[in-house]
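Structure at a glance
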Amino acid sequence: MPHTLFSMIISSLSQKIAKLAAKTRLQTLLTVPFVLQIVGAVGLVGYFSFQNGRRSVENLVNQLISQAEDGIEHRVEDLLAKPEAVQRQILAAVKTKNLDLNNLSQLQCYFLQIVLEEDLTEHIAFGNSKGELISIDDKEGKDKIILKIKDRSTGKYRQVYQINPQCQRIKLLGKVLYDPRLRPWYKAAVAAKSHTWSPLFLSVSESELEFSSVIPIYSDTKELIGVLNSEIDLEELTQFLGNLEIGDSGEISIVERNGMVVASTSDSPTINPSRGTSRQHIDNSSNPLIRAAAEAIRQKFGSLSKIKERSLITFEYQGQRVFAQVKPLKSQDNLDWLVVGIIPETEFIAEINVNTYITILLCLLALSLSILIGLLTARWVTQPLVRLNAAAKEIAIGNLNQNVVVNRQDEFGELAQSFNTMATKLQFAFEELKALNTTLAEREQQLADYNRTLEERVRQRTQELIKSEKLAVLGQLVAGVAHEINTPLGAIQAASENISAAFERSMSRLPQLLLQMTPDELKGFMVLLETIPKTQEILSSKEERQLKRNLKQTLESKNIENTTIIADTLSKMGLITLTDELMPILQSKNNTSILETAYSLFVMHRSNQTTRLAVGRAAKIVFALKNYARQEQTASKVKASIADGIETVLTLYHNQLKRGVEVTKSYADVPPILCYPEELTQVWTNLIHNAIQAMDYQGELAIAVFVKERHVVVEITDSGCGIPLEHQEKIFEPFFTTKPPGEGTGLGLDIVRQIVNKHGGKIKLESQPGRTKFIVLLPID
Amino acid sequence: MSSQAILCVDDEQIVLWNLRDQITRNFGDRFVYEVAESADEAWEVIEDLAEDGVKIIAIVSDWLMPGTKGDEFLIQVHDRFPNVVTVMLTGQADREAIERTYQFANLHAYIAKPWDETTLMDTIRSGLEKLNS
């Protein structure tokens, strides 16, 4: 997994670089990596030289401090070695009985001799187990030899005398309550049971710090006789440190393991506040640099007592690096001091800085040079490319006549030459292409012309197809239409013959009849003639027969003769009620003759009526036919009633419908809409024709017209066998037909759909056996 | 009253009225003249007349009518009354239907609308004469 992740990172990185490179100019691309390399190399060199500088500083510091510390060590060794040697001589003298420790005056003079000796020790003292003390010192800087004595003669006091080199007391300087056995040096020797170093302790006067080399002296019986004590002058150590040179601002301190200062370049080992003297601790140094070093050492080692060997540490002080080196002083047994050397880096930084500046300068110089060289190289490399690029761009715009001059023998020269050759060839090729293009354009034009012609032809053919579909339907209609027209024509012809016949008959009979009639009969006749034209109700043949039967009964009940003929004639005239006024003519012996004459007059009237009706019928058919067959397409939409269009079709199909189709019409109050009425008529024709055929001329045809959601909806529902599901999808496709060949073009519903689409409408179909509904939706706006 | 009847069947009353008047005028009171607007009604009339003891001797029928069409009706009539003179008077008819009627109803004549009165009357008359001979 990590490997995959890594390779992913690598690939994404390389992608980014590639992306970046793709956007960059060539000149930059050539220069930048060059410069980057130089910057990298120079940076590395600079970094290493800086690091080396630091390391050499550390070495220098190490050396410097180590030298100082070594010097100190020698000095301390020097300082401590002599008193011990002196003490061991004294011890040897005691052992060889040359010196009697009980003879204090002998001891006094013996000690004086040692002290006066140059370069041995400045102080020697002996305190015995009885509490007596002899001490001689000739400390540097004091031109007096001092005797400190406590014996039987001084009692509990220790007396201090100035003595002369001849061992004679000159002057009593003072006395103090004293017991050597209580002093730290005595105790240290007793505890160590051999030569040792006392801890640093304050003198009896508490004015100075004392440090001694001590050795206990035992009798042959191993009983403690006393302790020899030589004080060591710490002042001398301090002075030595003061003379040491550790740079300009280096510091050195010698401290005990508990941090108490023994000697220091900055501090005195004791501090003298107004009351009482106490010891200086390194943490409380008057020099802040030393305090900071102490803090850094504690942070590094925890405590001073844990330092085992020489160690160099660095720390920050006031924004500067400071070196501190600690070293345990191990030159003497039983002495456990530390030397702390401190040097700030500023001592050397000046030199390092100069080095760094030089490095930086060199780096910058190298950088500038490399950029310059890089730019020049890039320029040299890219110049021909830039020229080629410009030429290529010109070619891209269309200026093919390009010649790039690159006077070089290298790859660029070749490239330029190749480019020029290419440009020339391109120019030729382009001209050829141009010529070809022109030809092509001409061909294209021709093709477009063909296309247009073809489209026009297709349109014409489609138009013809639509027309032929229309004519096919018309052909089917014509047979029915013939019947529809012949029927009224037949009626008219018969009626006209009947009128003539009736006129003749009435004219021949009327004068004679009028003369024969009684006034009552005449009155009845007149009433009858007046009633006839008012008989508006046309009775069906069945009703007429019923009427005839009723009349016959009535007439028989009134004992009238020739009831059958009279009832027949009256019923034919549709006379429902027999008023009293009519009775005279009915009861007349000429009743059949009178009624026949009246009937002749009625026939004239009714034949007229027949003619009027028949003419109306024929006119309606002709009108519908004319509507249907009109071939010219209306150029623009006109406002027309949808229901009227449907009615036209129903009229044309009247004879087909009346065979056995019950038509239910439900026309809501629908506004006229903008449409192509002739084309819509074709829609209704197709749908109604299909419906009748689907029902095989038997069943129910429901036509509903209503408005719904800004659409005129026409629903044509038939009770036919329905359209199988697998045909429902296809019936609107052109040339889809289930009729035998020759009976349908299969274009009907395709044309219907085209026309409905042309009106921005929709046509839908819901079909199941016994109920097939075509729904046409036409937008009102 | 005559015991013989001539029946006219047509779904158009305007045809029926004028046809009846024509026939009545030509044949006078020799026959009873009845009309019916459909085949079904025609059968009713035939039944009614039979009750009164009147026999149908001739039928003039349209072809295209709601319900039973003329050819079928005439064939049915011929089945029950083989001697009835059958005349088809129509504005338009299938050639097949006419052929069938000739074959199965012994169709006496087919006359197209609009018809000539004399032709029609002569046809009926010739049919009746054939019947009597």
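Structural data are supplied above this passage.
Residues numbered from 1 in each chain as written. Chains lettered and ligands numbered in written order. Predicted model: local features only at pLDDT ≥ 70, side-chain atom pairs only at ≥ 80, totals over all residues.

1. A word on the overall build of chain A
- Secondary structure assignment for chain A yields 18 helices and 24 strands.
- Here chain A holds 781 residues, and 31% of them are scored as buried. (Helix = DSSP H or I, 4+ residues; strand = E, 2+ residues; numbered from the N terminus. Buried ≥ 20, exposed ≤ 12 C-beta atoms within 10 Å, placed from the backbone.)

2. Notes on the environment of Thr-772 of chain A
Residue and element names in this part refer to chain A.
- Along the polypeptide, Thr-772 turns up in strand S24 (residues 771–779).
- Residues Thr-772 and Ser-719 lie 53 residues apart in sequence; the distance between their C-alpha atoms is 6.5 Å.
- Every residue in contact with Thr-772, bar those within four places of it in the chain, is listed here: Ala-694, Thr-717, Asp-718, Gly-720, Gly-722, Ile-723 and Ser-767. (Contact = placed C-beta atoms within 7 Å.)

3. With respect to the interface of chain B and chain A
- Taken together, the contact pairs 29 residues of chain B with 29 residues of chain A.
- Sorting the residues of the side of chain B that touches chain A by element identifies helix H1 (13–27) and strand S2 (32–36) of chain B as the ones contributing at least two each.
- Here the element with the most residues in the side of chain B that touches chain A is H1 of chain B; it accounts for ten residues.
- Its residues assigned to classes, the side of chain B that touches chain A shows 13 nonpolar, seven polar and nine charged. (Nonpolar A, V, L, I, M, F, W, Y, C, P; charged D, E, K, R; others polar.)

4. A short note on the sheet that holds strand S4 (residues 157–163) of chain A
Residue and element names in this part refer to chain A.
- The sheet built from eight strands is open, its strands ordered S5-S4-S3-S2-S1-S10-S9-S6 with antiparallel pairing. Only two strands of the sheet have a single partner each, and these edge strands are strand S5 (169–177) and strand S6 (196–197).
- As paired strands, strand S1 (residues 123–128) and strand S2 (residues 133–137) are joined by five bridges and run antiparallel to one another. Across the sheet, the residue bridging to Gly-127 is Leu-133, located in S2.
- In the packing of helix H2 (residues 26–95) onto the sheet, the strands contacted are S1, strand S9 (212–218) and strand S10 (224–231), and the crossing angle to S9 comes to about 15 degrees. (Pairing = 2+ DSSP bridges. Axes fitted to C-alpha atoms, helices over the stretch in contact; angles between N-to-C directions.)

5. Overview of the packing of helix H16 (residues 677–694) of chain A against helix H18 (residues 748–758) of chain A
Residues and elements named next belong to chain A.
- At a closest axis distance of 9 Å, the pairing of H16 and H18 adopts a crossing angle of 140 degrees. Where H16 crosses over H18, the handedness of that crossing is left-handed. Facing Glu-679, Leu-680, Gln-682, Val-683, Asn-686, Leu-687 and Asn-690 of H16, the residues of H18 in contact are Gly-748, Leu-749, Ile-751, Val-752, Ile-755 and Val-756.
- Across the contact of H16 with H18, the residue classes tally to eight nonpolar, four polar and one charged. (Left-handed = near helix turned anticlockwise from the far one by under 90°.)

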